[in-house]
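# Structural features, examined
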Amino acid sequence: MLETMKRNKILTYAFLMAIPMTTGNIFSSCTDDFEKLNTSNIQVDPADLPFAAQCTEPMTYCYPPQQNMFQFWTNLTIDLYGGYFMTPNGNFTNGDMGENRGHSGGMYENYYLHIFNNTRRIIAQCDASGERGLSGVMRIVQAYGTLMTTDAYGPIPYSSILSGENEVYFEFDSQKDLYKAMLEDLSTAITDISAMGADEIAKLKSFDCWCNGDKDLWVKIANTMKLRMALRLSKRETEAGNAGMNLKAIATEAAQNTLATVNKDILIDKSLENEMWLMFNWGDCGFNANLVTIMSGTKDPRQPLYMTLNTGDIKNEAGTTTVAANSQYLGIRFASGLPAKPNSWGNFSGWIQGNNGSSYSMPLPIMKAAEAYFLLAEAKLRWDIGSESVKNLYENGIRVSMTNELAYRGAYAGIKEYPEGAVDAYINGTSTQIDYTDPIKAELSTPAVNKLSVKWDESASNEEKLERIITQKWLALFPLSTEGWAEQRRTGYPRFFPAFVNESNGAVNTEEGVRRVIYSSQAYDANAKGVEGGIKLLDEENIEEVREGFTESVYHNLGCAYSYLFQMEKAIIFLLNLCQCSKIL
């Protein structure tokens, strides 16, 4: 009975995260309908579904194959903040740093409803049945989802949900505790997956849309994630050590067996719908000027694999055609203060469509093998891990990205091979990012901010070496904005164009840009007391400046929600308490 009560309570929390927000009214949950939903006993128990279906859902929703969730997940927030994409639709205020709380809950909702709500149950079930290799797989999926979510928001509820002990609200975990828990889970997963027998492997193959039942590949994913996390914490090495995380030791062990040993990207190739094409088709998404100008300036051979030329004629504000259709790669500057769609910015570079729009079924990206090379390059630079040189790891990372992106995206872009010598020319290239020139509104034009070329320079400072590594890593991670944004915030590379407008009312620094996703209205409605504790943890973890270089001693990437943002979060908690909404769980 107790376990059933705990399960129902957690199901309720996940369900509340899925309630659509039709207005920005923070009192919208104080209704009879909301209370009925909160106490509804008409719930589908996911444990009643076939085991394969239970496992498939959290794996596929690490890159949601459903159009509304996909847009809500990252396309209204992180895709814009991470430098890859930008909306031409001025009605989406997150694109001008006027953070919309109703548009900021997608990552949170997707994690609790589709990932964590399933993985934590399957892990317990498989541990109890002795199928620890299968629970190890779900531990990796859970860590993958948890990392995305905490890197977006900061503190989130985790251990309190797993324990189910609190009957009133779910306490938030600090990022230090979250990282420690994830690293421990990944270590456990590696041990248990390595020991999997034939029966478990056969069961794994029935649902494994990441690795097709290859247990060794799952171990490499886990090690790549551990190396990623160790480096993300590297500026708090002493603090991490005091918490029981020896980052250099973790990185040294993980580096022995990453995705770099097989050069294989992790893609879900099950004919699911890749919703990015639809974001462009709706006129709600375009490419970001940061990505376009870097690729154009350095003559990146991957550019036609990532994007099309401008999809229509571009007219300036006087109505004069300044760029003919299909003639230039064009991106939109973040925070440009654009009008609502439709407008000429919607005719900038588009998503590759494939024959007859076939890119709707483009495999869903989960991890890129090239990332592992850049992780190893930084680990060598920072901790002298491994015997291969930083230069070789850096250049091999570029080559693997080139090879894998051609295999992944070439058919959709109509490209079978790169021009002869193009990859070598790129690696040895000395050109740099071009200035941004807006062909519609001249005031939006701005000078280039990235001054380093691709070509490796052994005589450069460690800081410049890091900048090259992270810039190429960011390019290789495309379109995984969650990781690209995390690395850009952690290091400051690549540098982004400053915002032209700033609608945050002082909450966001114009030069730094958005540093975290704000907690959504749903989070406050469902767990106001928990959010209050989360914000206190966020306050504690953001005492120092957010920007990290190679030598600064600050926390990892999540740093800054500025003091105004904290005050805004706290004011909403106060109002919710007045409304007595905090008692609903």
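Residues numbered from 1 in each chain as written. Predicted model: local features only at pLDDT ≥ 70, side-chain atom pairs only at ≥ 80, totals over all residues. Heavy atoms only, no water.

### What to know about the overall build of the protein chain
When helices and strands are counted, the protein chain shows 23 helices and 8 strands. Sequence-distant contacts, at least 24 apart, represent 78% of the contacts inside the protein chain between residues at least 6 apart. Total accessible area on the protein chain is roughly 21,400 Å²; 50% of this is exposed by carbon and sulfur atoms. (Helix = DSSP H or I, 4+ residues; strand = E, 2+ residues; numbered from the N terminus. Contact = heavy atoms within 4.5 Å. Areas by Shrake-Rupley, 256 points an atom, 1.4 Å probe, with all protein chains shown as cover.)

### Thoughts on empty space enclosed by the protein
Gaps left between atoms are located by rolling a probe of water-molecule size over the structure's atoms. One pass over the structure, following the stated rule, counts 5 cavities of 30 Å³ or more. Counted as a void, the largest cavity has a volume near 120 Å³. The greatest single-element share of the lining of the largest cavity, amounting to 4 residues, is contributed by helix α20 (residues 462-477). Broken down by class, the residue content of the lining of the largest cavity amounts to 4 nonpolar, 6 polar and 2 charged. (1 Å grid on protein atoms, 1.4 Å probe; cavity = no way out; pocket = protein on both sides within 12 Å on 5 of 7 lines; lining within 4 Å. Points joined across faces, edges and corners; volume = space filled by probe spheres on them. Nonpolar A, V, L, I, M, F, W, Y, C, P; charged D, E, K, R; others polar.)

### Looking at the pattern of salt bridges
Pairing between side chains of opposite charge can happen when the charged atoms of each approach one another. A complete count under the given rule lists 26 salt bridges for this structure. For Asp300, the salt bridge is made with Arg302, and the minimal N-O distance between the two is 2.8 Å. The buried category is assigned to Asp300, whose relative accessible area is 3%. Judged by relative accessible area, Arg302 falls into the buried class, the value being 0%. In this structure, Lys391 engages Glu395 in a salt bridge whose closest nitrogen and oxygen atoms are separated by 3.2 Å. (Salt bridge = Lys/Arg side-chain N within 4 Å of Asp/Glu carboxyl O. Buried < 20%, exposed > 50% of the residue type's maximum accessible area, 1.4 Å probe, protein only.)

### As for the environment of Gly286
Inspection of the secondary structure puts Gly286 in strand β5 (residues 286-287). C-alpha of Gly286 to C-alpha of Ile332: the two residues are 46 residues apart in sequence and 7.0 Å apart in space. In contact with Gly286, not counting residues within four places along its chain, are Phe85, Met86, Thr87, Pro88, Phe280 and Ile332.

### Here we look at the environment of Tyr418
For Tyr418, the position within the fold is in the loop between α18 (390-413) and α19 (422-427). Judged by its relative accessible area of 14%, Tyr418 falls in the buried class. In this structure the C-alpha to C-alpha distance between Tyr418 and Pro301, which are 117 residues apart in sequence, comes to 6.7 Å. Setting aside residues no more than four positions away along its own chain, Tyr418 makes contact with Pro301, Arg302, Leu305, Met402, Glu405, Leu406 and Val423.

### A short note on the packing of helix α3 (residues 51-60) against helix α6 (residues 106-129)
Direction vectors running N to C along α3 and α6 enclose 135°, while the axes themselves pass 8 Å from each other. In terms of their interaxial angle, α3 and α6 are classed as oblique. For the pair α3 and α6, the crossing hand works out as left-handed. Facing Phe51, Gln54, Cys55, Glu57 and Pro58 of α3, the residues of α6 in contact are Leu113, His114, Ile115, Asn118, Thr119, Arg121, Ile122, Gln125 and Cys126. For the contact of α3 with α6, the per-class residue count stands at 7 nonpolar, 5 polar and 2 charged. (Axes fitted to C-alpha atoms, helices over the stretch in contact; angles between N-to-C directions. Parallel < 35°, antiparallel > 145°, perpendicular 65-115°, else oblique. Left-handed = near helix turned anticlockwise from the far one by under 90°.)

### Remarks on the packing of helix α11 (residues 215-232) against helix α21 (residues 481-491)
Contact geometry for α11 and α21: axes closest at 11 Å, N-to-C directions at 30°. Considering their axes alone, α11 and α21 lie roughly parallel with respect to each other. Contact with α11, carried on its side by Arg228, Leu231 and Arg232, involves Glu483, Ala486, Glu487 and Arg490 of α21 and no other residues of that element.

### Topic: the side chain of Thr77
Secondary-structure assignment places Thr77 in the loop between α4 (67-75) and α5 (78-81). The class for Thr77 is buried, based on a relative accessible area of 2%.

### Looking at the packing of aromatic side chains
Think of a pair of aromatic rings as described by two things: how far the centres are apart, and how the planes are tilted against each other in angle. Within this structure, the stated rule accounts for 33 aromatic pairs. An angle of 85° between the planes, with centres 5.6 Å apart, marks the rings of Phe172 and Tyr519 as edge-to-face. One end of the pair, Phe172, is in strand β3 (residues 172-173); the other, Tyr519, is in the loop between α21 and α22 (521-541), and 347 residues separate them in sequence. Comparing Phe172 with Tyr519 shows no difference in burial state: the two are buried. Through pairs of rings, three or more aromatic residues link up here, namely Tyr84, Phe85, Phe280, Phe287, Tyr306, Trp351, Trp474, Phe478 and Phe496. (Phe/Tyr/Trp six-rings, centres within 6.5 Å; stacked < 30°, edge-to-face > 60°.)

### Notes on α4
Of all 9 residues in α4, 7 are buried, a share of seventy percent or more. When we look at burial in α4, the residues that qualify are Met69, Phe70, Gln71, Phe72, Trp73, Thr74 and Asn75. Tucked into the core, α4 has its buried residues touching α5, α6, α7 (132-153), α14 (276-281), α21 and α22. Looking at where α4 begins, the residue whose side-chain oxygen comes 3.0 Å from the main-chain nitrogen of Asn68 is Gln66. (Polar contact = N/O pair within 3.5 Å; in protein donor to acceptor, adjacent residues only side chain to side chain.)

### Things to note about unusual backbone geometry
Of note, the amide linkage connecting Lys341 to Pro342 takes the cis form, showing an omega dihedral of -5°. You can see Pro342 is positioned in the loop between β7 (321-323) and β8 (364-367). Cis geometry marks the peptide bond from Tyr493 to Pro494; its omega dihedral reads -10°. Its location among the elements puts Pro494 in the loop between α21 and α22. One non-glycine residue with positive phi stands out, namely Asn263, at about 55°. When you line up the elements, Asn263 lands in the loop between α13 (247-254) and β4 (266-268). Its identity is not glycine, yet Asn505 carries a phi of approximately 55°, on the positive side. Counting through the fold element by element, Asn505 comes out in the loop between α21 and α22.

### So, the state of the cysteines
If you walk through the whole model with that rule in mind, you get 0 disulfides. Not engaged in a disulfide, the cysteine Cys55 finds its nearest cysteine sulfur in Cys126; these two sulfurs lie 6.2 Å apart. (Disulfide = S-S within 2.5 Å.)

### Regarding the confidence of the model for the protein chain
The predicted model of the protein chain averages 88 in pLDDT, with 85% of residues at 70 or higher. The spread of mean pLDDT over the elements of the protein chain runs between helix α2 (residues 32-38), the lowest at 33, and helix α15 (residues 289-297), the highest at 99. Considering only residues more than four positions removed or in separate chains, one finds that residues 570-585, a stretch of pLDDT under 50, has 43 contacts. (pLDDT = per-residue confidence, 0-100.)

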